[in-house]
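Close look at the chain arrangement
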Amino acid sequence: MLKLEKRPSPSVFWGRATPVLAVALTMMAGSLMFAALGKNPFEAIRTIFWDPLFGEFAWYLRGQLLVKAGPLILIAVGLSLGFRAGIWNIGAEGQYIMGAICGAAVGLAAYPTESWLIFPVMVLAGAFGGWVWAMIPAILKTRFNTNEILVSLMLVYVAETVLAMASTGFLRNPDGAGFPGSRNFSSYPAAANPELIAGTGLHWGGVAALGAVVAAYVLLQRHILGFQIKLAGQAPRAARFAGVSPKRLVVMCLGIAGALAGLAGMFEVTGPAGQISIDFNSNYGFTAIIVAFLGRLNPVGILFAGLLMALTYIGGEMASTNLGLPSAAIQAFQGMLLFFLLACDLLTNFRIVPARKEVR
Amino acid sequence: MFGGIDPALLIASLMVASVPILLAATGELVVEKAGVLNLGVEGMMIMGAVCGFITAVVTGSPALGFLGGAAGGAGLSLLFALLTQVMQANQVASGLALTLFGLGLSSLLGQGYVGIKPPHTGAVPFGPLADIPFFGRVIFGHDPLVYLSVLAVAAVWIFLRNARGGLILRAVGESHEAAHALGYKVRRIRVLAILFGGAMAGLGGAYISLVRVPQWTDGITAGAGWIALAIVVFASWRPWRVLLGAWLFGGITVLQLNLQAAGSGIPVEYLSMSPYLITILVLVIMSSGRGRAALNAPASLGQNFHAAR
Amino acid sequence: MTAAETGAGDLLRIEGVTKAYPGVVANSDVSFAIAEGEVHALLGENGAGKSTLVKMIYGLVKPDAGRMIWRGAPFAPSQPSAARASGIAMVFQHFSLFEALNVAENVALGMETPPPMRELAARIRAVSEEYGLPLDPSRMVGDLSAGERQRVEIIRCLLQSPKLLIMDEPTSVLTPQEVEILFQTLRQLRSEGTSILYISHKLEEIRTLCDRATVLRRGKVVGACIPRDSTAREMAEMMVGATLTPPERRATEKGEVALGVSDLSVASPIPFGTSLKAISFTVARGEVLGIAGVAGNGQDELLLALNGELRVAPDRVRIHGKPVGDLGPTDRRRAGLVSAPEERLGHAAAPNMTLTENALLSGAVRQGLTARGFIDWRGTEAFAEKIIESFDVRTPGTHVAARALSGGNLQKFVVGRELLQSPEVIVINQPTWGVDAAAAAAIRQAILDCAAGGAAVVVISQDLDELLEIADSFAALNEGRLTKPRPVQGLTIDEIGLMMGGAHGMEVAHHAG
């Protein structure tokens, strides 16, 4: 029999190694799942993880990597700060949608004016939209002690309804022959978020994501606020002893996460998605939760995790068209990854030792 | 504005509408009373919905379908038990993982079943009782699960209040250290509670896909699991208040659907977001007033237990 | 073979029992025997291995080697219920009551086959009257005082008519008067034939109560004695293994008032906590105020209200005359007040963070470890090293997690971190709780040195001997109220007991016993 023994200090080695181990285990378990679906597991794994980077269409797909990873990283960095502090904002999807709607609304209000000011104002509006949506759970938590998990999640459903209203109602393209969806930003240069370097897939959202990674890294490593965030998550009473105000932290963490999610939504809707439509959001807000954990709530880790998760999206689409692998399989695959990661985390704090033989 | 809505029909249908969240919330109540916070209710419900649906379609028996749904939910909750009770993983993160995984897996499993009609779940034959005016329709015209869900609340209430097992369960949720010191198997008790919660959530999910909707579509539970979690908070961890909360919520759902159908002046979007907004409102009311609801929460809720020495 | 050789006269024999945990041997080849109807003391410092040993007897921990013999037969309880079935009952020091459950439910949880609740309540009332331990079965345990909680545990044991009753540090939560009542109850039990294993590090108690004593040090049996025939000094030297010098104190002039508290009332933020009621006192520069009281009478709340974790009206708390009641911990540190809470892991220190990070935790403000919010990690590490060096903290380095340190070492680190910040006001709750004698002496000396250097010190402690040793003036907390501070010199133990609230209404009840 084996038993668990708590390590005196968390293991640094396993802290780094668990994500890799989790990915490897997920690939194995995923292979079994693909085989159960009647697909060749090796081919499936190759299609998902290898072909987008080095296969026949890699020249195009590599660019897609940044397109998908950008919003995931941007949202996950924001979420990771809150998760570290023990503030569970799981409504990033809603903040993402509201950011997109606010950003787009500002742009569409200015249509067809051409001015370099329009896009920066839209960026601010996007961040503001996400921030406001995140402030609802934040204020309810600080004022009324309401559970932020449930409130932020409920607001996702509300945001989805607002999105439906926007795309069929107040933001609908007046020239769109009554079809749902807003004007397309690709035909409105002052408000568009184009590819910055052709073929890379890099748009302003990717730049913002990189900036967020760097800023979060500095914050967590060198700044007292980052220290307070970590402290509050690990030992809430010690944080109060240190003089950290839990309420201020709730407002800060939810605010940052909301603003970043809002930014991601705004960049997405003006760039890759092109318009407000009823289903532009593609669950990035939820997948980012997996990204944040896979990156071990560490900004640099999240950068890699975001790229990996983007790869599974692209590879999953490839596998869906080429091998007929159901797209839900990739969603299950991503969920599985989070499971293995949480399970492997055990090794960071515990040692597995053979149970000593008991003497009676 | 209520013109054209029959009150007997409204009450009867609110009882039906509340069944899924009532079942799931009753299960989660037991889980939380044991000191475990399982946020994966949504995932377990949707697994129950798809497993129940498939079982019912394949066997042609709704009863087996419900069993299958319970098994599906319990199966997924076993993963949660493994993560949190054996692997010592964070309960919040594990619950989220359960939901994300459940949503993906259910849509994978349910692929071939979209657009199929499940076998019909009949009403309990009460004979002449069903013909009593008003009450006949309100009380005696339902399928077995409606009665089962209310019975489950009663059973949980009696169990927690009077049974020795219930006392031990509450003790484990209050202080796992103390329970361990007295020699109770904290982990085993918690795993059992988690499995019960999973089965109840699965049953609730199966009710959605077999009775309430009844068909299979991706994401069919549409947040019902989260609402069940909110109802446990609303109920301050008391079984009868879970029933009240579920009926209130069921009432709002039915009312807004009826209003939509009746073509009231309120835009459809506002009506369809109303259940979520009202849930938030209720949460705010329950948790304010110097955290009164929180005072009733089991003291070790959400904390993992590792017997160090 | 004679009866002594087979152990026939003994209720329980422990033979060569060994138990090791990673990095520490808790018990090594421990042997002793408890006779029928005796009160046997297990004496030792914190960390000597007493708790591990009794957990083995109670079935919570299995020995690695050695055996136990219960009434002549080998005994290896696999779990507490097996031990209870054999007739062993235990009163725990911590962690065995459920605050949100009522007395009867708590008692039922400690029994194998409890009778129906109504009958159980009647039996609780009967037993509590018989032994002079008044208790209402329907009350919520969270609302009970520490002494009353102990009664719940004792009654839970007595209802099972045990052959052996284990008591782990029972008097640490009692006033002197309550201790006397407890001893009467225990003597009554002994006269009825029950053996008692009495674990303590308080020598005078053992001398008054116990028939025989076994002394443990670092997991080994280092001696045995008849307490009545030994002096406290002899036993202390056996227990500690060295002669200890009491802390030295220089006579200091009392300066002007540094900390002033007036009419401080605040509700407890802790569930089932004690609210503070109209607390007033002052502490001058160079003065040590000792605040005694049984656990749970508002000690934690008082510390929180003084260090700023709990905010009150501005003029309720003054530092050098400046109102600070509405300021948080950071601003109070800036004003010169440092504090060390009772709970080391989780409150005073973050368990998973390194010692460097823990040095930053409360040292950032007064040590100037941040500039415009950016952390000076090098300076922080130097501060951590200084603490480790000045306070002789045994650790491989500053990079280890706080949880890896032993209790005594971590306490030295935490106290050192506060005392090294050249504070003007120091508030410490339980400075030497669970710390071995040498470390405790070092900590007390450091506190006295700070006072000699002109700091005003408030020491909150449940250890009366400690307070009498280091305090200039003495006050007691009782149900959230503080008595008027009095000079320590000339105080008798009875007066102290009365200040602490006497026996909480138990005197009358024990006339029968």
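What counts, and where the lines are drawn
- Residues numbered from 1 in each chain as written.
- Chains lettered and ligands numbered in written order.
- Predicted model: local features only at pLDDT ≥ 70, side-chain atom pairs only at ≥ 80, totals over all residues.
- Helix = DSSP H or I, 4+ residues; strand = E, 2+ residues; numbered from the N terminus.
- Rg over C-alpha atoms; globule rule 2.2 N^0.38 Å.
- Buried ≥ 20, exposed ≤ 12 C-beta atoms within 10 Å, placed from the backbone.
- Contact = placed C-beta atoms within 7 Å.
- UniProt positions renumbered as here; feature names shortened; annotations may be inferred.
- Nonpolar A, V, L, I, M, F, W, Y, C, P; charged D, E, K, R; others polar.
- Axes fitted to C-alpha atoms, helices over the stretch in contact; angles between N-to-C directions.
- Parallel < 35°, antiparallel > 145°, perpendicular 65-115°, else oblique.
- Left-handed = near helix turned anticlockwise from the far one by under 90°.
- Pairing = 2+ DSSP bridges.
- Core = buried A, V, L, I, M, F, W, Y, C linked by C-beta atoms within 7 Å.
- Domains from an automatic or database assignment.
- Arc of directions from axis to C-beta.

**Here's the deal with the overall build of chain A**
Check the secondary structure of chain A and you find 14 helices and 2 strands. In terms of overall size, chain A behaves like a compact globule, its C-alpha atoms giving a radius of gyration of 22 Å where 360 residues would be expected to give roughly 21 Å. Here chain A holds 360 residues, and the buried ones make up 56% of them. Within chain A, contacts between residues separated by at least 24 positions form 79% of all contacts whose residues are at least 6 apart in sequence.

**Focus on the overall build of chain B**
For chain B, the count of helices and strands is 12 helices and 0 strands. If you list the helices and strands of chain B from N to C, you get α-α-α-α-α-α-α-α-α-α-α-α. By its C-alpha atoms, chain B is 65 × 45 × 40 Å across when sized along the principal axes. Looking at chain B as a whole, 56% of its 309 residues qualify as buried. Sequence-distant contacts, at least 24 apart, represent 77% of the contacts inside chain B between residues at least 6 apart.

**Points about the UniProt feature "transmembrane region" (unreviewed entry) in chain A**
Sites flagged by UniProt as "transmembrane region" (unreviewed entry) map to residues 12-37, 57-83, 95-111, 117-140, 149-171, 202-220, 249-267 and 328-350 of chain A. Here residues 249-267 of chain A is 100% helix and 0% strand, with 27 Å between the C-alpha atoms at its ends.

**A short note on the interface of chain A and chain B**
Opposite the 38 residues of chain A that make contact, chain B presents 39 residues. Elements represented by at least two residues in the side of chain A that touches chain B include exactly β1 (2-6), α5 (118-144), α6 (148-170), α11 (284-294) and α13 (327-344) of chain A. Per element, the largest residue contribution to the side of chain A that touches chain B is 11 residues, and it comes from α13 of chain A.

**Remarks on the interface of chain C and chain B**
Residue-level contacts link 20 residues of chain C with 14 residues of chain B. Partitioning the side of chain C that touches chain B into residue classes produces 13 nonpolar, 5 polar and 2 charged.

**A short note on the packing of helix α1 (residues 12-36) of chain A against α13 of chain A**
All names here are of chain A. The geometry of α1 relative to α13 is characterised by a closest axis approach of 8 Å and an angle of 140° between their N-to-C directions. With respect to α13, the element α1 is oriented oblique. Crossing of α1 over α13 shows right-handed handedness. Contact residues: α1 offers T18, P19, L21, A22, V23, L25, T26, A29, G30 and M33, while α13 offers A329, A332, F333, M336, L337, F340, L341 and C344. The residue makeup of the contact of α1 with α13, split by class, is 15 nonpolar, 3 polar and no charged.

**Some words on the sheet that holds strand β14 (residues 317-319) of chain C**
Paired through backbone hydrogen bonds, the strands of a sheet run either parallel or antiparallel to each other. All names here are of chain C. Taking strand neighbours across the sheet as the criterion, the 4 strands line up as β12-β11-β14-β15 in an open arrangement whose pairing is antiparallel. Each edge of the open sheet is held by one strand with a lone partner, namely β12 (276-284) and β15 (322-323). Bridging between strand β11 (residues 257-266) and β14 involves 3 bridges; their strand directions are antiparallel. From the neighbouring strand, V261 faces β14, where its bridge partner is V317. Sitting on the sheet, helix α10 (residues 299-307) is in contact with β11, β12 and β14, with an inclination near 60° to β12.

**Quick look at the environment of I279 of chain C**
Residues and elements named next belong to chain C. Positionally, I279 belongs in strand β12. For the pair formed by I279 and T483, sequence separation is 204 residues and the distance between their alpha carbons is 8.4 Å. Leaving out residues up to four positions away in the same chain, I279 has contacts with V261, L264, L302 and L482.

**Notes on the nonpolar core**
I75 and L260 of chain A, I231 of chain B together with I166, V457 and V459 of chain C are the most contacted members of the largest nonpolar core, which has 387 residues in total. The biggest single contributor to this core is helix α9 (residues 186-212) of chain B, with 15 residues. When neighbours within four sequence positions are excluded, V459 of chain C is seen to be in contact with V288, G290, I291, I428, P431, I447, L467, I470 and A471 of chain C.

**Quick look at the domain arrangement of chain A**
Residue and element names in this part refer to chain A. Under the domain assignment used here, chain A contains domain 1 (1-37 + 326-360) and domain 2 (60-323). Computed from C-alpha atoms alone, the centre-to-centre distance between domain 1 and domain 2 is 29 Å. Opposite the 9 residues of domain 1 that make contact, domain 2 presents 10 residues. Put simply, the parts of the chain that give the side of domain 1 that touches domain 2 at least two residues each are α1 and α13. When its residues are assigned to classes, the side of domain 1 that touches domain 2 shows 6 nonpolar, 3 polar and no charged.

**Here's the deal with the sheet that holds strand β4 (residues 65-70) of chain C**
All names here are of chain C. Across the sheet, 4 strands lie side by side as β2-β1-β4-β5; this open sheet has antiparallel pairing. The open sheet is flanked by β2 (24-35) and β5 (73-75), the only strands paired with a single partner. Between one strand and the next, the sheet's axes are offset by a mean angle of 25°, whatever the strand orientation. Relative to β4, strand β1 (residues 10-21) runs antiparallel, the two being bridged by 5 bridges. Considered in β4, the bridge of E15 is made with R67. The strands touched by helix α2 (residues 50-57) are β1, β2 and β4; relative to β2, the strand with the most contacts, the crossing angle is about 60°.

**Some points on helix α9 (residues 232-240) of chain C**
All names here are of chain C. For α9, the full list of buried residues reads M235, A236 and M239. The buried side chains of α9 occupy one side of the element, clustering within an arc of 100° when seen end-on. Contacts made by the buried residues of α9 are with β3 (39-44), α8 (203-209), β9 (212-217) and β10 (220-225). G241 sits one or two residues past α9 and shows a positive phi near 85°.

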